[in-house]
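Residue-level structure breakdown
Residue strings, one per chain:
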Amino acid sequence: MSDNNGENVTENTNENPSSSIDTVMQETRLFPPTDSFLEGCEIGSLDAYEALYDRAKADPVAFWEDLARNELHWFEDFHTTLNWNVPNAEWFVGGKTNVSYNCLDRNLENNADKTAIIWEGEPGDVRTFTYRELHSEVSRLANAFKKAGVEQGDVVSIYMPMVPELAFAMLACARIGAVHSVIFAGFSAESIADRNNDASAKVQLTADGAYRRGKVLELKKIVDEALEKSPTVETCIVLARTDTAVEMREGRDLWWHDLLEQVDDDCPATPLDSEAPLFILYTSGSTGKPKGIKHTTAGYNLYAKKSFEWVFDIRDDDIFWCTADCGWITGHTYVAYGPLCAGATIVMFEGAPNYPAEDRFWELIEKHKITILYTAPTAIRAFIKWGDHHVDKHDLSSLRLLGTVGEGINPEAWMWYHHKIGGARCPIVDTWWQTETGGIMMSPLPGAIATKPGSCTKPLPGILPAILDDSGAPVRENQGGKLVLTHPWPGMLRGIWGDDERFQEAYWDMFPGLYLAGDNARCDEDGYYWIMGRIDDVINVSGHRLSTIEIESALVSHEKVAEAAAVGRKDDLKGQAIAVFVTLIDSEPSDELKQELRMHVRKEIGALAQPDDIRFTNALPKTRSGKIMRRLLKDIAEGNENLGDTTTLEDYTVLTQLRADDES
Ligand code: PRX
């Protein structure tokens, strides 16, 4: 091990044995944890990780059975650890537990006066809650929900800013067996209505408004529009956050604070079946409408807790900040359930990284003495662009561990994060996982696995990945192929809400019995995994999945559009940007129409789906079987065809002939 600028950097001298064309990345730097990080590490060596991994691999079911008994509270013990009838898994069958009990009541034993949540609002207001206070807040809210008619099994749709009440609401649903469906508060009224209808949501939670970079986004107004088209929603509970005037509809709308006044905080957690649904979270798939990914109680709870403890090497005095919004899976598992179940102290932040200035994150870290920062590569790229002087203003010495999630991190950004934010002393955990997996699947365990910039390194204990070619045969070392998981795990999705067929088709048809993740990957000579991007038509914008089909459908719903194709093109900041190709019914192309289409997609789906580039074309290039030639469009969008971004109509079909062989 050599010492280089105070870091333990070793040069990995293994030659890459494969000349596979898939391997364009030759990253040989290796970063073992520093001695100071290793002090007090739970899993502090490669041997310790391998021993745990091998034990789990030898008998995954027994491994999870032991953990479930030790880590969760059971009102009734389970009798069967796993029922596995592809593609349906049932874990800890016969048992009764409650996620809210595991997060709250259990922490009353040893952590009652420990801070559970440090919350900072966009305007700088701070509220903190101990575990005892959190238990009380959640119990009272659960009683309020009951008062408003919420019953076990009902779906509660949540469209709220990142305020503590959002976390309370999730936990209160879990407490009484209601199923939450959190919808990120950047989605449009249309998107809320689609999700409400798909899930048959009975109750809607929202706030009067949300702070967005100093302005107020009128959430209740958006919800009012959504509820016009959500016939199953009977009640809407409104939190006062911004004191914005709202219209309250008689017989449907209730104020959050009024309801709380009518109840007390005595609400014992309902014992729930291990497989009782906990939440639905909508994510994009390659075809059709968003998929309602279903997660259930015990398995998800166990996986959230253990993956959190393993990956973040959590210690009693850690202050953990996951910057994700609760509207995404990262916010579910690593803002709320994982850390709280582990009795950790979390930071929750309502605002944006660049408001009021570009140093807001660094200010928060200094102010709250945050020890672990878990954020997204897209944010890191933005920080680099905004400049080091914002970082230099602040003391970041409280940090001991860094993490990333949502997309691959390019080695340059990784090195900046390592040096500039981590002071070359904090390991970086690059965590690969998905809405569907419930928790982190591959990541360094920071005390055990030396990191390589750009690699998510190795699978967690109990997780058994493989990389296959299209025939189902394992690929060679360093060769790219389709990433699958060969054994069920407790945190796995339990289906797509109301659509068993799509569940089977999307994840289980290609390789029977194996979970198809939808990502390409390779595994190197040291057993390190490298994610190589999606295999389906999903665009990853700023770490969030958007399906090309959804964007295309939104465009085609505009009266002037005949046909549309959306592709992702490389973007330095967002990872991928959205480029769309549009054929018009009989209108003339113009910059005004481009703007109109942008706003139309924004209205239909939300701001994050707004196209970056719009090109008008006479016809879309298609294969003989009628499939849009996306690879060709991607090349054009990335400028490889040298056609530039013009308002005028182009006819890309002429290029079809040149590429037809490639695509078919
Ligand atoms: O393509 C992978 C990418 O994000 C997808 C999952 O997206 P979503 O369900 O929205 O969940 C994001 C947060 C867990 C994956 O299929 N992805 C996620 N993490 C990584 C990643 N790609 C590369 N490296 C990662 N660490």
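Residues numbered from 1 in each chain as written. Predicted model: local features only at pLDDT ≥ 70, side-chain atom pairs only at ≥ 80, totals over all residues. Heavy atoms only, no water.

Describing the pairing of strand 17 (residues 277–283)
Filter applied, for reference: Summary of the burial criterion: residues with accessible area below 20% of their type's maximum are buried, those above 50% are exposed, and those between are partly exposed, where the area comes from a 1.4 Å probe applied to protein chains only. Numbered from the N terminus, helices here are DSSP runs of H or I no shorter than four residues, and strands are runs of E no shorter than two. Any two strands with at least two DSSP bridges between them are considered paired.
Burial of strand 17 is extensive: 6 of the 7 residues sit out of reach of the surface. Judged from the 2 bridges that link them, strand 10 (residues 179–182) and strand 17 form a sheet pairing that is parallel. When the bridges of strand 17 are listed, Ser-181 appears paired with Ile-280. Here strand 17 runs beside strand 18 (residues 291–296); their pairing, made up of 6 bridges, is antiparallel. Among the inter-strand pairings, Phe-279 is bridged to a residue of strand 18, identified as His-295.

Some details on the pattern of salt bridges
Inclusion rule: When a carboxyl oxygen of Asp or Glu is within 4 Å of a side-chain nitrogen of Lys or Arg, the pair counts as a salt bridge.
Per the counting criterion, the structure on display carries 45 salt bridges. Of the charged contacts, one joins Glu-71 and Lys-306 as a salt bridge, the two residues approaching to 3.3 Å between their closest N and O atoms. Pair noted here: Glu-71 is in helix 3 (residues 60–71) and Lys-306 is in helix 10 (residues 298–312), with a separation of 235 residues, a long-range link. With relative accessibility at 15%, the residue Glu-71 sits in the buried group. Note that Asp-273 is salt-bridged to Lys-96, the shortest N-O span being 2.8 Å. Linking Asp-273 in strand 16 (residues 272–273) with Lys-96 in strand 6 (residues 96–97), this pair joins segments that are 177 residues apart in sequence. Look at Asp-273 and you get partly exposed, because its relative accessible area is 43%. For Lys-96, a relative accessible area of 23% corresponds to the partly exposed category. Among the ionic contacts, a cluster of salt bridges with common partners joins Glu-71, Lys-305, Lys-306 and Glu-309.

With respect to the sheet that holds strand 11 (residues 203–207)
The cut-off we apply is this: In this analysis an axis means a line fitted to C-alpha atoms, helices contributing only their contacting stretch, and an angle means the value between N-to-C directions, from 0 to 180 degrees. Residues are treated as being in contact if the distance between any of their heavy atoms lies within 4.5 Å.
With mixed pairing, 7 strands are arranged side by side in an open sheet as 15-14-11-9-10-17-18. Edge positions in the sheet fall to strand 15 (253–255) and strand 18, since each has one partner strand and no second. Between one strand axis and the next, the sheet turns through 25° on average, direction left out of account. Sheet strands touched by helix 8 (residues 219–228): strand 9 (155–159), strand 11, strand 14 (235–239) and strand 15. Its angle to strand 11, the strand with the most contacts, is close to 155°.

Let's talk about the side chain of Ser-230
Basically, it comes down to this: Any pair of N or O atoms that falls within 3.5 Å is considered a polar contact. Within protein, one atom must be able to donate a hydrogen and the other to accept it, and sequence-neighbouring residues count only if both atoms are side-chain atoms.
Along the chain, Ser-230 falls in the loop between helix 8 and strand 14. For Ser-230, a relative accessible area of 2% corresponds to the buried category. In terms of polar contacts, Ser-230 uses its side chain to reach the backbone carbonyl oxygen of Ala-226, at 2.7 Å. When neighbours within four sequence positions are excluded, Ser-230 is seen to be in contact with Ala-193, Asn-196 and Asn-197.

What to know about the site of the ligand
To keep it simple, the criterion reads: Near is defined per residue: the residue qualifies when any heavy atom it owns lies within 4 Å of the molecule or strand. Residue exposure ignores everything except the shown protein chains as possible cover, and the areas themselves are Shrake-Rupley values with a 1.4 Å probe. Each residue gets one label: Ala, Val, Leu, Ile, Met, Phe, Trp, Tyr, Cys and Pro are nonpolar, Asp, Glu, Lys and Arg are charged, and the others, such as Gly, are polar.
Surrounding the ligand, one finds 17 residues, the nearest of these being Asp-430, Thr-431, Thr-435, Asp-519 and Arg-534. For the ligand, a nitrogen atom lies 3.4 Å from a polar atom in the backbone of Glu-407. Separating a nitrogen atom of the ligand from a backbone N or O atom of Gly-408 is a distance of 3.5 Å. For the ligand, whose unbound accessible area comes to 540 Å², protein coverage reaches 94%. Elements represented by at least two residues in the shell around the ligand include exactly helix 11 (329–341), strand 23 (428–431) and strand 27 (529–534). Classifying every residue of the shell around the ligand by side-chain character gives 5 nonpolar, 7 polar and 5 charged.

A few points about the nonpolar core
Let me state the cut-off plainly: The term nonpolar core refers to a set of buried residues drawn from Ala, Val, Leu, Ile, Met, Phe, Trp, Tyr and Cys, joined through side-chain atoms within 4.5 Å.
Of all hydrophobic cores here, the largest spans 168 residues; its most connected members are Phe-145, Leu-205, Phe-312, Tyr-337, Ile-551 and Val-582. With 10 residues, the top contributor of residues to this core is helix 6 (residues 164–176). For Phe-312, the residues in contact, after removing those within four places along its chain, are Ser-307, Phe-320, Tyr-334, Ile-372, Tyr-374, Arg-400, Leu-401, Val-429 and Ile-440. Phe-361, Leu-364, Ile-365 and Leu-373 belong to the second-largest nonpolar core, a separate cluster that totals 28 residues.

Details of helix 13 (residues 377–386)
Counting buried positions along helix 13 yields 7 of 10 residues, so the element is predominantly enclosed. All buried positions along helix 13 are accounted for by Pro-377, Thr-378, Ala-379, Ile-380, Arg-381, Ala-382 and Phe-383. Downstream of helix 13 by a residue or two, Gly-387 has a phi angle that is positive, lying close to 110°.

Digging into the packing of aromatic side chains
Quick reminder of the rule: Here is the rule: rings of Phe, Tyr and Trp (six-membered ring for Trp) pair when centre to centre is within 6.5 Å. Planes less than 30 degrees apart are stacked, more than 60 are edge-to-face, and the remainder are tilted. By definition here, charges over rings are those cases where NZ of Lys or CZ of Arg is within 6 Å of the ring centre and within 35 degrees of the ring normal.
The full count for this structure, using the stated rule, is 40 aromatic pairs. Plain terms: the ring middles of Tyr-300 and Tyr-337 are 5.8 Å apart, the flat faces sit at 90° to each other, and that makes the pair edge-to-face. Taken together, the residues Tyr-300 in helix 10 and Tyr-337 in helix 11 connect sequence positions 37 residues apart. Residue classification places Tyr-300 among the buried positions, given a relative accessible area of 1%. Residue Tyr-337 is classed as buried on the basis of its relative accessible area of 0%. Put simply, the rings of Trp-84, Trp-489, Phe-503, Tyr-507, Trp-508 and Tyr-515 touch in pairs and so form one group of aromatic residues. In this arrangement the basic side chain of Arg-69 is found over the ring face of Phe-78, its NZ or CZ atom lying 4.1 Å from the centre. Lys-452 extends its terminal NZ or CZ atom over the ring of Tyr-528, reaching a point 4.4 Å from the ring centre.

Focus: the environment of Gly-575
Assignment of secondary structure puts Gly-575 in strand 31 (residues 575–584). For the pair Gly-575 and Ile-539, spaced 36 residues apart in sequence, the C-alpha to C-alpha distance is 9.4 Å. Not counting residues up to four positions away in its chain, the partners in contact with Gly-575 are Arg-381, Glu-407, Asn-540, Arg-569 and Lys-570.

Quick look at the sheet that holds strand 27
Taken together, the 4 strands give an open sheet; going across it, the order is 24-25-26-27, and neighbouring strands pair in antiparallel fashion. Each edge of the open sheet carries a strand with a single partner, namely strand 24 (465–468) and strand 27. Here the strands of the sheet are splayed against their neighbours by 45° on average, with no regard to which way each runs. In this sheet, strand 25 (residues 481–485) lies alongside strand 24 in antiparallel orientation, the contact comprising 4 bridges.

Quick notes on the confidence of the model for the protein chain
Which entries qualify depends on this criterion: pLDDT is a residue-level measure of predictor confidence that goes from 0 to 100.
Averaged over all residues, the pLDDT of the protein chain equals 91, while 91% of them reach at least 70. The low-confidence segment residues 1–24 (pLDDT under 50) makes 45 contacts with residues lying over four places distant or belonging to another chain. When the criterion is pLDDT under 50, residues 660–664 qualifies, and its contacts beyond four places in sequence or with other chains add up to 7 contacts.

So, helix 6
Each α-helix turn comprises 3.6 residues. Residues three or four places apart therefore point the same way. In plain terms, the rule: To estimate how far a helix should reach, multiply one less than its number of residues by 1.5 Å.
For helix 6, with 13 residues, the first-to-last C-alpha span of 19 Å sits near the 18 Å given by 1.5 Å per residue. Among the 13 residues in helix 6, 13 count as buried, and that is most of the element.

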